[in-house]
Each structure stands twice: as structure tokens, then as C-alpha cells.
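Commentary on secondary and tertiary structure
Residues per chain are reported as follows:
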Amino acid sequence: MRPLRIAIIGFGKIAGDQHVPSIAGHERLELVATTSRQGKGAQGIPGFADHRELLREVSDLDAVAICTPPSVRYDIARDCLEAGLHCLLEKPPGVTLGEIEELACIAEGRQLTLFTTWHAQANPAVDAAAELLAGQRIACMEINWREDVRKWHPGQQWIWEPGGFGVFDPGINALSIAAKIFPGPLFVREAELLFPANRQTPIAANMRLASPSANGDIPVVFDWRHSAGEAWTIEIETEAGMRLKLLDGGGRLEVDGQPRATEGLGEYATLYRDFVDLIDERRSLVDLRPLRLCADAFLLGRRTIVEPFED
Ligand code: NAP
């Protein structure tokens, strides 16, 4: 079978760290081009300044992985779908729900695959947690997502611009896991967004989620001002007394205090396996739940101004 010829658009940190090795590791995929306005790219692979040049110059492309910041993804994805290409979108898939719904319509009309990836969902520990929680009632649940923005986003200015998501850029990973494992609908009940006086996006957020399947509100803390290591944890207790703890951003699971062994391909290898399967089946997978929770937090959130943030 002919390999699927794929290009990476927006060659930054995640493209180099995860997309290049995962594409190389999939027997059906061949990386044939990359784009970057600054001329970055993968060794030995032709690079182009932007997606328009790529679409003009590279023939026989089948698919693209769009790894730019989310604010420019809609225009790029639209052009790529209209050029007949299957599209994998990094998370968050865009900056509004409306633009992703529009992309989904275009993909459907052209029988192309649109895949809104949520890498944290692709952990086997997250699948195991979802299975254990299916049909259960939740007695209590807590989400803590704290990290040092200087360590994880050094020099990235787009995260502070409108549509850059701020602390919701990592926080949406927690929401993507919660949306996958929670045995019922989840809503934002209350949100406080803490904006540095000199920035357009929040550096921290305190929220309360609610659900008819939970006994009380679900506290959520996102904080980028955390210099002592990382805490990416979700803790849950069911009404039947089972205690689950997801650690390391969904990478590890404990059940009733005991580690639960889980095996899988790894986040990005799983995403590319699923992308190829979706293309073969001529299907899209568009999961808007994490972006909706995030959008609702911004819609509902109280704004608190905190001290200015300098890189
Ligand atoms: P990044 O290092 O800043 O890379 C983004 C790349 O997109 C840049 O190298 C830039 O390349 C290009 N770009 C920036 N603005 C653009 C524009 N206006 N038009 C076209 N291209 C533009 O960011 P990243 O950390 O890789 O994150 C990219 C996406 O992946 C984000 O949505 C993020 O949430 C997601 N993600 C990141 C991580 C992580 O650990 N970093 C993990 C999972 C998911 P040029 O300036 O050379 O064009």
C-alpha cells in the first residue's frame, strides 16, 4: 500500500519533540515536508515558509499535522481541507467552537478526515480510569494542574496574546482527561481567572465544575506560578468507595492507593495510529468537550488582576 504523504505545518517544540518521531515510527506515514517562517525543520526534509507555499510546491500530499499556535489554525486547516488534505490538529484545535464546527462541516462535505487531537487522552492509564468509572456515581473529585510557565513555555509570547489560552494551554489537557473519564456530563459552575496586569491571558484559574453524576462541585486549580516541580493530578472517589488517582498528566494510575500497570504505544504514537485508522475509514473525530469547558470558563469567569509577569 502506498504510504500516506504527510507534512507538518508550524515546526516548533511539539513538532520536533513528538510529531517527527511518531510519524517516523508509523509504517504507513512518510514525512515529506515541514513549514516554518523562521526556517526551522527536520533534517533532510524539505522546508517551506508557510502552508501556502507548501500547497503550491508539494504534489501528492495526503495529510497535514497542524502544530502552529491555535489562533492561526482555522485559516490553515481550511486551506488544507479545500486542497483535499486530511488534517490532524494539535490541541487546542482552535480558538472558538464555531471555527472547529465549520472545519468539521468542510471535512464532512469532502469526505476528508479532521482529527482534533487531545494527547493527554491518549494515555492507557486514562482509558483504564474511564473503564473503571463507567456507570459509577462520583462522591468527590479534584483537579490540580500546576507547573512553572518559565520551564514549560520559555519565550513563547503567543500564550499571552488573545486566543493564546494562558494557563488553559496546559489546563485544557486536564479538561480533556476529565471529559473522557467522567461518567456523565460536566459543566463549569464557577470560575476565577487571574490575569497578570500586563497580559491578555490568565496565569492561574480556580474553577468549580458540576455534574448530575457527582455529589458535589469539583474543584479545579490551574497555576503557572509553581516553581517546585509539576503537579498534574486528578483524584476521584466513587460513591462505592473506589479511589482513583491519575498522575503525571494521565501517564500513571493508582487505584485504592496501589499503582495500576497499563501498557500502550505512548501518547503521540497512539494519535498517529488513530489518524491513519480514521483516514482509512474516511471518518473524522472531532471532540469539542475540552474546548467547550474552557470557553465556558472564559464566558463565566470572574477576572482578578495579579502582579505583572515578565519572562
Ligand atoms: P511553539 O514551539 O511556539 O511552536 C509553534 C510553531 O508555530 C512555531 O515554531 C512557529 O514557527 C509557528 N507559528 C507561530 N506563529 C505562527 C503564525 N502566526 N503562523 C504560522 N506559523 C506560526 O509552540 P509548541 O509548544 O510547539 O505548541 C504548538 C501547539 O502544540 C500548541 O497548540 C500547544 O498547545 C500544543 N502542544 C504543545 C506541547 C509542548 O510541550 N510544547 C505539548 C502538547 C501540545 P515559525 O515562527 O518558525 O513560523
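Positions within a chain are numbered from 1, following the residues in the order the chain's sequence is written. At least 70 in pLDDT is required for a residue's local features to be given in this predicted model, at least 80 for side-chain atom pairs to be given and counted, and no such filter applies to totals for whole chains, interfaces and linings, which use all residues. Excluded from the side-chain calculations are hydrogens and water; all other atoms, namely the structure's heavy atoms, are used.

1. Notes on the site of the ligand
Near the ligand there are 23 residues, and of these Ser 36, Arg 37, Gln 38, Lys 91 and Asp 169 occur at the shortest range. Here a polar contact means two N or O atoms within 3.5 Å. Within protein one must be a hydrogen donor candidate and the other an acceptor candidate, and residues neighboring in sequence count only if both atoms are side-chain atoms. Between the ligand and Gly 12, the relevant distance is 3.5 Å, taken from an oxygen atom to a main-chain nitrogen or oxygen of the residue. Measuring from an oxygen atom of the ligand, one finds a side-chain N or O atom of Gln 38 at 2.8 Å. Method for areas: the Shrake-Rupley scheme with a 1.4 Å probe, in which residue coverage is limited to the protein chains shown. Taken by itself the ligand offers 870 Å² of open surface, and the protein chains cover 83% of this. Think of it as three bins: nonpolar holds Ala, Val, Leu, Ile, Met, Phe, Trp, Tyr, Cys and Pro, charged holds Asp, Glu, Lys and Arg, and polar takes everything else, Gly as well. The residue inventory of the shell around the ligand, partitioned by class, reads nine nonpolar, seven polar and seven charged. Throughout, near means a residue has at least one heavy atom within 4 Å of the molecule or strand.

2. Focus on helix H4 (residues 97–110)
Starting at the N terminus, helices and strands are each numbered in turn, a helix being any DSSP run of H or I of at least four residues and a strand any DSSP run of E of at least two. What a helix is expected to span follows from its residue count: subtract one and scale by 1.5 Å. The end-to-end C-alpha separation of H4 is 20 Å, in line with the 20 Å expected for 14 residues at 1.5 Å each. Burial here depends on accessible area, computed with a 1.4 Å probe over protein chains only, as a share of the maximum for the residue type. Under 20% is buried, over 50% is exposed, and the range in between is partly exposed. Listing the buried residues of H4 in full gives Glu 99, Ile 100, Leu 103, Ile 106 and Ala 107. Seen along its axis, H4 keeps its buried residues to an arc of 115°; they face one direction. In this structure, H4 carries Cys 105, Glu 108 and Gly 109 as exposed residues pointing more than 90 degrees from its buried face. Looking at the buried residues of H4, the elements they touch are helix H3 (73–82), strand S5 (86–89), strand S6 (114–116) and helix H9 (289–300). Note that the arc is computed from the directions linking the helix axis to the C-beta atoms. Here a residue-residue contact requires only that any non-hydrogen atoms of the pair lie within 4.5 Å.

3. Some remarks on the environment of Gln 156
In this fold, Gln 156 is placed in the loop between helix H6 (149–152) and helix H7 (168–181). With 155 residues separating them in the primary sequence, Gln 156 and Asp 311 have C-alpha atoms 9.1 Å apart. Looking at Gln 156, its side chain comes within polar contact range of the side chain of His 153, at 2.9 Å.

4. Here we look at unusual backbone geometry
The linkage connecting Lys 91 with the following residue, Pro 92, adopts the cis geometry, with an omega of -20°. Mapped onto the elements, Pro 92 comes out in the loop between S5 and H4.

5. Description of the packing of H3 against H4
A fitted line through C-alpha atoms serves as each axis, taken over the contacting stretch for helices, and the angle formed by two N-to-C directions is quoted from 0 to 180°. Packing of H3 against H4 leaves a shortest axis separation of 10 Å and a crossing angle of 5°. Comparing their axes, H4 and H3 come out roughly parallel. Every residue of H4 that contacts H3 at Tyr 74, Ala 77, Arg 78, Leu 81 and Glu 82 is listed here: Glu 99, Glu 102, Leu 103, Ile 106, Ala 107 and Arg 110. Taken together, the residues of the contact of H3 with H4 break down into six nonpolar, no polar and five charged. The scheme is simple: roughly parallel for angles under 35 degrees, roughly antiparallel for over 145, roughly perpendicular for 65 to 115, oblique for anything else.

6. As for the pattern of salt bridges
The term salt bridge refers to a pairing of a side-chain nitrogen on Lys or Arg with a carboxyl oxygen on Asp or Glu at a separation within 4 Å. For the structure shown, the criterion picks out 17 salt bridges. In this structure, Arg 137 and Glu 239 form a salt bridge, with 3.8 Å as the shortest nitrogen-oxygen distance. Of this pair, Arg 137 sits in the loop between helix H5 (124–133) and strand S7 (138–146) while Glu 239 is found in the loop between strand S11 (231–238) and strand S12 (243–247), placing the two residues 102 residues apart along the sequence. Residue class for Arg 137 comes out partly exposed when judged on its relative accessible area of 32%. A salt bridge links Asp 217 to Arg 208; the shortest N-O distance between them is 3.7 Å. We classify Asp 217 as partly exposed; its relative accessible area is 28%. Residues participating in the shared-partner salt-bridge network are Arg 78, Glu 82 and Glu 102.

7. Observations regarding the environment of Gly 171
Among the structural elements, Gly 171 can be located in helix H7. Each C-alpha atom of the pair Gly 171 and Val 220 lies 9.4 Å from the other, and the pair is 49 residues apart in sequence. Setting aside its immediate chain neighbours within four residues, Gly 171 contacts Trp 145 and Phe 222.

8. Overview of the nonpolar core
Residues Val 64, Ile 143, Phe 168 and Phe 222 are the most contacted members of the largest nonpolar core, which totals 80 residues. Sorting elements by how many residues they give to this core places H7 first, with seven residues. Every residue in contact with Phe 222, bar those within four places of it in the chain, is listed here: Ile 143, Trp 145, Val 167, Phe 168, Gly 171, Ala 174, Leu 175, Ala 204, Ala 205 and Met 207. Side-chain atoms within 4.5 Å link the members of a nonpolar core, which is a set of buried Ala, Val, Leu, Ile, Met, Phe, Trp, Tyr and Cys residues.

9. Focus on the sheet that holds S11
An order of S14-S13-S12-S11-S7-S10-S9-S8-S15 is seen for the nine strands of this open sheet, with the pairing classed as mixed. Each edge of the sheet is formed by a strand with only one pairing partner; in this case those strands are strand S14 (258–260) and strand S15 (302–306). If you compare each strand with its neighbour and ignore which way they point, the axes differ by 15° on average. H9 contacts strand S8 (187–196), strand S9 (204–210) and S15 of the sheet and is inclined by roughly 70° relative to S8. Note: two strands are recorded as paired if DSSP finds a minimum of 2 bridges between them.

10. Looking at the packing of helix H1 (residues 13–24) against helix H8 (residues 267–280)
For the pair H1 and H8, interaxial distance at closest approach is 9 Å and the crossing angle is 55°. Viewed along their axes, H1 and H8 adopt a mutual orientation that is oblique. Helix-helix and strand crossings are classified by hand; for H1 and H8 the assignment is right-handed. Only Tyr 268, Ala 269 and Tyr 272 of H8 make contact with H1, whose side of the interface consists of Ile 14, Gln 18, His 19, Ser 22 and Ile 23. The class makeup of the residues in the contact of H1 with H8 is five nonpolar, three polar and no charged. Helix crossings get a hand from a simple test, with the near helix turned counterclockwise from the far one by less than a right angle marking a left-handed crossing and a clockwise turn marking a right-handed one.

Fair warning: the whole summary comes from geometry, so function is off the table for now.
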